[in-house]
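Coordinate analysis (summary)
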Amino acid sequence: MLDRREFVKLAAALTTAFSISNLPEPVAAALKKINPEAIPKLLYLQGQSCTGCSISLLQSESPSPLTMITDYSQLAFHADLSATSGKQSIDLIEKFISGQAGEYILALEGSIPDSMPIACMIGHKTLAAYLEEAARTMSAAVAIGSCACDGGIPAAEGNLTGAIGLQEFYAKRNIDKTVVNIRGCSVHPDWVWQTIVHLVKIGLPELTENGSPSLFYARSIHETCPRYHDFQQEIFAQKLGDKGCLFKLGCLGPQTMADCSSRWWNGGRTWCIDANAPCIGCASPLFARKKDMPFYRINRQG
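These numbers were taken from a predicted model, which means no experiment stands behind them.

Topic: the overall build of the protein
Assigned secondary structure in the protein consists of 12 helices and nine strands. A buried classification covers 48% of the 302 residues belonging to the protein. Across the protein, the fraction of contacts at a sequence separation of at least 24, relative to all contacts at a separation of at least 6, is 74%. With the model as given, the accessible surface of the protein reaches about 14,800 Å², and the carbon-plus-sulfur share is 53%.

A few points about the sheet that holds strand 2 (residues 74–78)
Within the open sheet, the five strands sit side by side as 2-1-3-7-9. Their pairing is parallel. Bordering the open sheet on either side are strand 2 and strand 9 (179–182), each of which pairs with just one other strand. When the angles between neighbouring strand axes are averaged without regard to direction, this sheet yields 25 degrees. Looking at chain direction, strand 3 (residues 104–109) and strand 7 (residues 140–144) are connected through five bridges and run parallel. Among the inter-strand pairings, Leu108 is bridged to a residue of strand 7, identified as Ala143. Along the sheet face, helix 5 (residues 86–97) touches strand 1 (41–46), strand 2 and strand 3 and points at about 120 degrees away from the line of strand 1.

Points about a nonpolar patch on the surface
Taken together, the side chains of Met116, Ile118, Met121 and Leu160 define a hydrophobic patch exposed on the protein surface, amounting to about 440 Å² of accessible area. Topologically, Met121 is positioned in strand 5 (residues 121–122).

Examining helix 9 (residues 189–201)
Taking 1.5 Å of rise per residue, the 13 residues of helix 9 would be expected to cover 18 Å, and the 18 Å separating its terminal C-alpha atoms lies within 8% of that figure. Here helix 9 has its buried residues at Pro189, Asp190, Trp191, Val192, Trp193, Gln194, Thr195, Ile196, Val197, His198, Leu199 and Val200. Residue Gly203 follows helix 9 closely and has a positive phi angle near 120 degrees.

Comments concerning the pattern of salt bridges
It is possible for side chains bearing opposite charge to pair when their charged atoms get close. Tallied over the entire structure, the rule returns 12 salt bridges. One salt bridge connects Asp114 with Arg173, and the closest N-O pair in it is separated by 2.7 Å. Taken as a pair, Asp114 in the loop between strand 4 (112–113) and strand 5 and Arg173 in the loop between helix 8 (166–172) and strand 9 lie far apart in primary sequence, 59 residues in all. Overall, Asp114 belongs to the buried group, its relative accessible area being 17%. Taking relative accessible area as the criterion, Arg173 reaches 28% and is therefore assigned partly exposed. Note that Arg183 is salt-bridged to Asp150, the shortest N-O span being 2.6 Å. Placement of the pair is Arg183 in the loop between strand 9 and helix 9 and Asp150 in helix 7 (residues 146–150), with a sequence separation of 33 residues. As far as burial versus exposure is concerned, Arg183 and Asp150 are alike and both buried. When salt bridges that share partners are traced, they join Asp114, Glu132, Lys172 and Arg173 into one network.

With respect to the packing of aromatic side chains
Across all of its chains, the model carries nine aromatic pairs by this definition. Measuring from centroid to centroid gives 6.5 Å for Phe216 and Tyr217, while their planes differ by 85 degrees, and the two rings are edge-to-face. With a relative accessible area of 3%, Tyr217 lands in the buried category. Ring centres of Phe287 and Phe295 lie 5.3 Å apart, and the angle between their planes is 5 degrees; this geometry places the pair in the stacked category. One aromatic cluster is present, built from ring pairs that chain together Trp191, Phe216, Tyr217 and Trp265. The cationic tip of Lys125 hangs over the ring face of Tyr130; the distance from NZ or CZ to the ring centre is 4.7 Å.

Some points on helix 5
For helix 5, with 12 residues, the first-to-last C-alpha span of 17 Å sits near the 16 Å given by 1.5 Å per residue. Among all positions in helix 5, only Ser89, Ile93, Phe96 and Ile97 are buried. Down the axis, helix 5 shows its buried residues gathered within 95 degrees of arc, on one side only. Turned more than 90 degrees from where helix 5 packs its buried face, Lys87 and Gln88 sit exposed. The inward-facing, buried residues of helix 5 abut strand 1, strand 2, strand 3, strand 5 and helix 6 (127–134). Downstream of helix 5 by a residue or two, Gly99 has a phi angle that is positive, lying close to 90 degrees.

Describing the packing of helix 5 against helix 6
Where helix 5 contacts helix 6, the axes come no closer than 9 Å and their chain directions differ by 30 degrees. Contacts from Ile90, Ile93, Glu94 and Ile97 of helix 5 reach helix 6 at Tyr130, Glu133 and Ala134. In terms of residue class, the contact of helix 5 with helix 6 is built from five nonpolar, no polar and two charged.

A short note on the confidence of the model for the protein
Confidence along the protein averages 87 in pLDDT terms, with 86% of residues attaining 70 or more. Of the regions scoring below 50 in pLDDT, residues 5–21 engages in 24 contacts with residues more than four places distant in sequence or in other chains.

Calculation notes
Residues numbered from 1 in each chain as written. Predicted model: local features only at pLDDT ≥ 70, side-chain atom pairs only at ≥ 80, totals over all residues. Heavy atoms only, no water. Helix = DSSP H or I, 4+ residues; strand = E, 2+ residues; numbered from the N terminus. Buried < 20%, exposed > 50% of the residue type's maximum accessible area, 1.4 Å probe, protein only. Contact = heavy atoms within 4.5 Å. Areas by Shrake-Rupley, 256 points an atom, 1.4 Å probe, with all protein chains shown as cover. Pairing = 2+ DSSP bridges. Axes fitted to C-alpha atoms, helices over the stretch in contact; angles between N-to-C directions. Patch = residues over 30% accessible without salt bridge, like charges linked within 9 Å, V, L, I, M, F, W, Y side chains within 5 Å. Salt bridge = Lys/Arg side-chain N within 4 Å of Asp/Glu carboxyl O. Expected span 1.5 Å × (residues − 1). Phe/Tyr/Trp six-rings, centres within 6.5 Å; stacked < 30°, edge-to-face > 60°. Lys NZ or Arg CZ within 6 Å of the ring centre and 35° of its normal. Arc of directions from axis to C-beta. Nonpolar A, V, L, I, M, F, W, Y, C, P; charged D, E, K, R; others polar. pLDDT = per-residue confidence, 0-100.

See the structure below:
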């Protein structure tokens, strides 16, 4: 029977042997070197969110979610996935955030209600208070999803809670902490897991000017879109379902930086443009901010 260390080595070898999907070279190399005894734990907290990013993370296929949260990372706490609850959960969170549980990476899903802190409580303490304390003890911070990065849908124009992302939250309090922003609504599981592996084994990945890993967010969806040729030829779709560039139906690919066109979703089976849906810019810092910027437009000009 394989022991834990042998199993991890075997998994890493299989990952390489089968050329598992879209692993950047540094991440693939890191997976082969992982020592489970040295992996910092992952403290996963949730703010104003729909939990969609957690659901998306569970859709990862290569490696599987189980492998990622047991062998390539150690998930110390997640409100939906952990078996613990109630006071036991609060004690566990307190232990990490007070620095008594060793190194950990803080992962945040969901926005922070900056104007209404009591809108998001963990036990009897606000999420904001936990995040301020965590800044003193965590090894790294990862904002998972558009809400945690920039406020997302909870920060839409007219919101009452003053929802903001983690980076802005720390900046407003003069807390100098690097936050790795993994944008998307929801996030692609590859973007999250591979970033965490990079943090653990290699260190901070190269970031774009918006604080997102260049590995995934260096180019716009527009410039790598399979319908870019249609755009150049001015062949535009007139309605959803038509062939041609979707720009006149509201496609936000030109302002959205992400590798959706090469990575695809749902285990590489499809992605928005492939399904004839315009990009809604969910990986853009401007996602869902303005009332006058709808996800879709009706092409009235032809």
